[in-house]
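Coordinate inspection notes
Read off the chains here:
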Amino acid sequence: MSQTDIEIVVDDPTAPEDDSPSVVSSGTIEILVCLLLLALAITLGYDNWRTGASWDATGPEPGYFPFYLSLILAGGSLYGLVTALVARRATSGSFVTRAQARRVMAVFVPTLLFCLVTQFLGLYVASFLLIASFMRLVGKIALWKSLLTALVFTAIMFVTFDIAFDVIMPKGPLEAAFGH
């Protein structure tokens, strides 16, 4: 056996169980995505038709090219929708299991909260909270390491963006208290 044929398998103790029940099938997700893309194409097509999707004396109107791109998107969406509906009669596999969805939500929910908290506390405080909580709750890293890493990263981010490059970032009450 050559050296390239050796496979290294690492077990993840936190991996989702193989026997976890399915939340939604792949066919359902395909249909949902095609419908969402079709709705987007219709919205874009209408808006570009409204702004002008033809030629005038000086050339194409502002909505000409985007209108035809939305027609292409609508056609592709309809094709995908018909294909997904025809294939739905055959068995389709699971898109996500309950255990996999739980792991995705463990990342999605804090990230969504980060976006919301940024509006009120500013980017730097929200980043500190996100990093520290991810390290502690998801990574199971010691509290002092989580807090120190979050503090160092946030400080580096502040120095880089606010001081070195003078980039305008969302600020909160903490930065206002320090005069930034």
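Residues numbered from 1 in each chain as written. Predicted model: local features only at pLDDT ≥ 70, side-chain atom pairs only at ≥ 80, totals over all residues. Heavy atoms only, no water.

1. Topic: the overall build of the protein
- A count of helical and extended segments in the protein gives 6 helices and 4 strands.
- In terms of overall size, the protein is more extended than a compact globule, its C-alpha atoms giving a radius of gyration of 25 Å where 180 residues would be expected to give roughly 16 Å.
- Expressed as lengths along the three principal axes of its C-alpha atoms, the size of the protein is roughly 60 × 60 × 40 Å.
- When burial is assessed residue by residue, the protein has 25% of its 180 residues classed as buried.
- A sequence separation of at least 24 residues applies to 61% of the contacts in the protein between residues at least 6 apart. (Helix = DSSP H or I, 4+ residues; strand = E, 2+ residues; numbered from the N terminus. Rg over C-alpha atoms; globule rule 2.2 N^0.38 Å. Buried < 20%, exposed > 50% of the residue type's maximum accessible area, 1.4 Å probe, protein only. Contact = heavy atoms within 4.5 Å.)

2. Observations concerning the confidence of the model for the protein
- Put simply, the protein has an average pLDDT of 89, and 93% of its residues get 70 or more.
- Averaged over each element, pLDDT in the protein is lowest for helix α6 (residues 173–177) (85) and highest for helix α5 (residues 143–164) (96). (pLDDT = per-residue confidence, 0-100.)

3. Remarks on the packing of helix α3 (residues 98–121) against helix α4 (residues 123–138)
- Between α3 and α4, the shortest axis-to-axis distance is 8 Å and the interhelical angle comes to 155 degrees. Relative to α4, the element α3 is oriented roughly antiparallel. For the pair α3 and α4, the crossing hand works out as right-handed. Where α3 approaches α4, its residues Ala 106, Val 107, Pro 110, Thr 111, Phe 114, Val 117, Thr 118 and Leu 121 are matched on the opposing element by Leu 123, Val 125, Ala 126, Ser 127, Leu 129, Leu 130, Phe 134 and Val 138.
- The class makeup of the residues in the contact of α3 with α4 is 13 nonpolar, 3 polar and no charged. (Axes fitted to C-alpha atoms, helices over the stretch in contact; angles between N-to-C directions. Parallel < 35°, antiparallel > 145°, perpendicular 65-115°, else oblique. Left-handed = near helix turned anticlockwise from the far one by under 90°. Nonpolar A, V, L, I, M, F, W, Y, C, P; charged D, E, K, R; others polar.)

4. Some words on α4
- In this model, α4 (16 residues) spans 21 Å end to end at C-alpha, consistent with the 22 Å of a helix rising 1.5 Å per residue.
- Listing the buried residues of α4 in full gives Leu 123, Tyr 124, Val 125, Ala 126, Ser 127, Leu 130, Ile 131, Ala 132 and Met 135.
- Where α4 is buried, its residues meet α3, α5 and α6. (Expected span 1.5 Å × (residues − 1).)

5. Notes on the side chain of Ser 77
- When you line up the elements, Ser 77 lands in helix α2 (residues 64–88).
- For Ser 77, a relative accessible area of 3% translates into the label buried.
- Setting aside chain neighbours within four positions, we find Ser 77 in contact with Cys 34, Leu 37 and Leu 38.

6. A closer look at the pattern of salt bridges
- Tallying each qualifying case throughout the model produces 2 salt bridges.
- Measuring nitrogen to oxygen at the nearest pair gives 2.3 Å for the salt bridge that ties Asp 47 to Arg 50. In this pair, Asp 47 and Arg 50 both sit in helix α1 (residues 26–51), 3 residues apart, roughly one turn of the helix.
- You can call Asp 47 partly exposed: its relative accessible area is 33%.
- Among the ionic pairs, Lys 171 bridges to Asp 162, the shortest N-O distance being 3.1 Å.
- For Lys 171, a relative accessible area of 32% corresponds to the partly exposed category.
- Accessibility expressed as a relative area gives 11% for Asp 162, which makes it buried. (Salt bridge = Lys/Arg side-chain N within 4 Å of Asp/Glu carboxyl O.)

7. Quick word on α3
- For α3, built from 24 residues, the straight-helix expectation of 34 Å at 1.5 Å per residue is met to within 8% by its first-to-last C-alpha distance of 33 Å.
- Maximum bend of α3: about 30 degrees, positioned at Met 105.
- Here α3 has its buried residues at Ala 99, Phe 114 and Thr 118.
- Looking one or two places after α3, you find Gly 122, whose phi comes out positive at around 90 degrees. (Bend = angle between axes of the 7 residues up to and from the residue.)

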